[in-house]
Amino acid sequence: MVLRRDDWLDLARKVDWTPRYVEERELFPEEISGRPWLTHDAWRDWNEAYRTTYREYVANQRDKDAAVLGVRAALSKPRLFDDLDAGWVQLVKFHNGAVALAEYAGAVAELRMARFGRDSAWRTMATLGALDEIRHTQIPLLIGHDLLAHDGNFDWTHKAFHTNQWVILAARHLFDDMFLAADAIDLAVQLNFVFETGFTNLQFMAMAAMADRAHHHLFEKMVASIQTDEARHAQIGHPVLRALLENGSRDRAQYLIDKMWWRCWRLFLALSGTAMEYLAPLSARTRSFKEFMTEWVTEQFMKNLAEFDLEKPWFWDLFTEELDYAHHSFQLGLYTYRTTLWFDVAMPDRAEREWLNAKYPRWEETYGALWDQLERRWEAGGEAGTLSYGLPALCNLCQLPALFIRPGRNTACTLEMGGRRYLFCSEPCRWIFERERSRFADHNSVVDRIVAGQAPGKLTDLHRWMGLEAPVETGKDLRRGLDPWRLDPVPKR
Amino acid sequence: MRVYLFGFASDDFVGRVIVTPDQRTVAQLAGQLVAWGLAPERGGPVTVRNEAGGILDPAATIKAAGLGNGDIFKVERR
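Residues numbered from 1 in each chain as written. Chains lettered and ligands numbered in written order. Predicted model: local features only at pLDDT ≥ 70, side-chain atom pairs only at ≥ 80, totals over all residues.

1. Comments concerning the overall build of chain A
Move 1: Of the regular secondary structure elements, chain A holds 21 helices and 4 strands.
Move 2: Over its C-alpha trace chain A gives a radius of gyration of 23 Å, about what one expects of a compact globule, namely 23 Å for 493 residues.
Move 3: Across its three principal directions, the C-alpha atoms of chain A cover 80 × 60 × 40 Å.
Move 4: Taken over 493 residues, chain A has a buried fraction of 48%.
Move 5: Across chain A, contacts joining residues at least 24 apart in sequence account for 76% of those joining residues at least 6 apart. (Helix = DSSP H or I, 4+ residues; strand = E, 2+ residues; numbered from the N terminus. Rg over C-alpha atoms; globule rule 2.2 N^0.38 Å. Buried ≥ 20, exposed ≤ 12 C-beta atoms within 10 Å, placed from the backbone. Contact = placed C-beta atoms within 7 Å.)

2. Examining the environment of W314 of chain A
Move 1: By the secondary structure assignment, W314 of chain A is in the loop between α13 (289-307) and α14 (316-322).
Move 2: Along the chain, W314 of chain A and T157 of chain A lie 157 residues apart, while their C-alpha atoms are 36 Å from each other.

3. Here's the deal with the interface of chain B and chain A
Move 1: Listed by partner, the interface residues are 19 residues for chain B and 22 residues for chain A.
Move 2: When contributions to the side of chain B that touches chain A are tallied by element, the ones reaching two or more residues are β1 (2-9) and β2 (16-21) of chain B.
Move 3: The biggest single contributor to the side of chain B that touches chain A is β1 of chain B, with 3 residues.
Move 4: Its residues assigned to classes, the side of chain B that touches chain A shows 10 nonpolar, 4 polar and 5 charged. (Nonpolar A, V, L, I, M, F, W, Y, C, P; charged D, E, K, R; others polar.)

4. Remarks on the pairing of strand β4 (residues 72-77) of chain B
Move 1: Pairing of β1 of chain B with β4 of chain B involves 4 bridges; the strand directions are parallel. Residue pairing for β4 of chain B: A9 of chain B is matched across the bridge by V75 of chain B. (Pairing = 2+ DSSP bridges.)

5. Concerning the domain arrangement of chain A
Move 1: Assigned domains of chain A: these are domain 1 (54-250) and domain 2 (405-456).
Move 2: Between domain 1 of chain A and domain 2 of chain A, the C-alpha centre-to-centre distance is 29 Å. (Domains from an automatic or database assignment.)

6. So, the packing of helix α9 (residues 184-213) of chain A against α13 of chain A
All names here are of chain A.
Move 1: Contact geometry of α9 with α13 gives a least axis separation of 8 Å together with a crossing angle of 155°. Taken together, α9 and α13 sit at an angle that is classed as roughly antiparallel. Note on packing geometry: the crossing formed by α9 with α13 is right-handed. Packed against α9, whose contacting residues are T197, G198, F199, N201, L202, M205 and A206, the element α13 presents F292, M293, W296, V297, Q300, F301 and N304 at the interface.
Move 2: For the contact of α9 with α13, a count of residues per class yields 9 nonpolar, 5 polar and no charged. (Axes fitted to C-alpha atoms, helices over the stretch in contact; angles between N-to-C directions. Parallel < 35°, antiparallel > 145°, perpendicular 65-115°, else oblique. Left-handed = near helix turned anticlockwise from the far one by under 90°.)

7. Some details on the sheet that holds strand β3 (residues 46-50) of chain B
By way of backbone hydrogen bonds, the strands of a sheet pair with one another, either parallel or antiparallel.
All names here are of chain B.
Move 1: Spatially, β2-β1-β4-β3 is the arrangement adopted by the 4 strands of the open sheet, whose pairing is mixed. On the outer flanks of this sheet lie β2 and β3, each paired with one strand and no other. Going from strand to strand, the sheet's axes swing by 35° on average, the running direction of each strand aside.
Move 2: Sheet topology places β3 next to β4; 5 bridges connect them, and they run antiparallel. Bridge assignment links R49 to a residue of β4, and that residue is K74.
Move 3: Against the sheet, helix α1 (residues 26-36) engages β1, β2, β3 and β4, with an angle of about 140° to β2.

Right, here's the structure in full:
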């Protein structure tokens, strides 16, 4: 008689055994299984909310892949690029470069939990999670490859993570901290609980909604399909967090959550915030980045914290203030340093400025004069006058330029340590650095390397050092300075 | 001696790295920062502060004002 699924699944999920030739501590060393080190008794009740068998997993994934590949086949390669908005194409290029190989790092993280997670059900979920993340690497690589025929910079889908490009260095710094240099317990809290449960809805579901309106149905299918996987393996975080809290590690859990919330916020404002509000065409925008963040990220996060009786991160007031400004400030950085990027960057036109001001009532007051000034420079001296040539101050934690929160209210601060002065864009970045000094102190930002002579100071050489072949690959003004609205009189102060 | 500093102008959007001899004055340092910014032509008087918020004497040298490698200074238009 063939057993029914529910008759055998519990047995298959729980295959932990008592080691006879080594101690449990040797089998699951604290250094990589994580702190606090607890005997298996503490993990015995580890349970995932949604159980999956391997057979079900394979069937589901096959269907999901068929759906994505079906859209790809239906559109046929020559038509993949048809009718896509120029800004949207750059958004996809930005997304693919920043995300595709980060997913591969995610696979390494899941595999670490698949070996060093402390309960077999956890390890099984993580094994499926690793298969998910490999898939999330392969699909954007495939789609990026298809788009190469139309735009050579789509090779950054694969290339980006192998370069010293500064946005990618910032992303790698985060993913190394969160994925590659983390033990199994920290991974479950940082990757599964904070990053995946908290933030990936934004990058994948919000982007899917926008892709539908931008008529990029292949991208829509891809990101929506990825998010269904994320939602499944993200559940690893909850039972691990519960075990931490039940075993006296509340402070450690709170720290990991606070730290990773702030670090993920920095990444998402830079990647999703700017892309959604400066590259997505107006017709594709439904809600603002702030509205997405509030509804899809912070409200859900608050529920998760309440479930575990955890506190809001101590920097919450700063975070909510940044929601109105930080990505708009970052966009000015992207625009004026665009020759150091692998995608083109947009200056908002009149209709977009009206939209931004409707969503962010202080946008025009805060940023209007700066964009007007760039506009005047276009008129007076062409593109050369609209670029920044000096080195930006970079944060020694997040590696992003110190441009937060907004013009006139910069939160940069420093820390003297070991005879070296470190710069930070904000108090939370300095706080994280101080808590884990030995982890971060030896890393040099791009600017540190230039000042120390370890990277070239001359822009043309710096492009090459970053992996950018100028001028073919370097970012440009999206509309090449040819907007019809630029024929209007330049606004006077 | 040449030092590198991080300057923040109130009407600019990003902190900028300034490499300069520390025998130059605070006023010259402020001018160098503003020249890199988006509104160098505005001119007018400025106030220069250190990270703690203390006002720096514009006639003092960078070294005498206590600024060294990796320090922050802020330039506000009056």
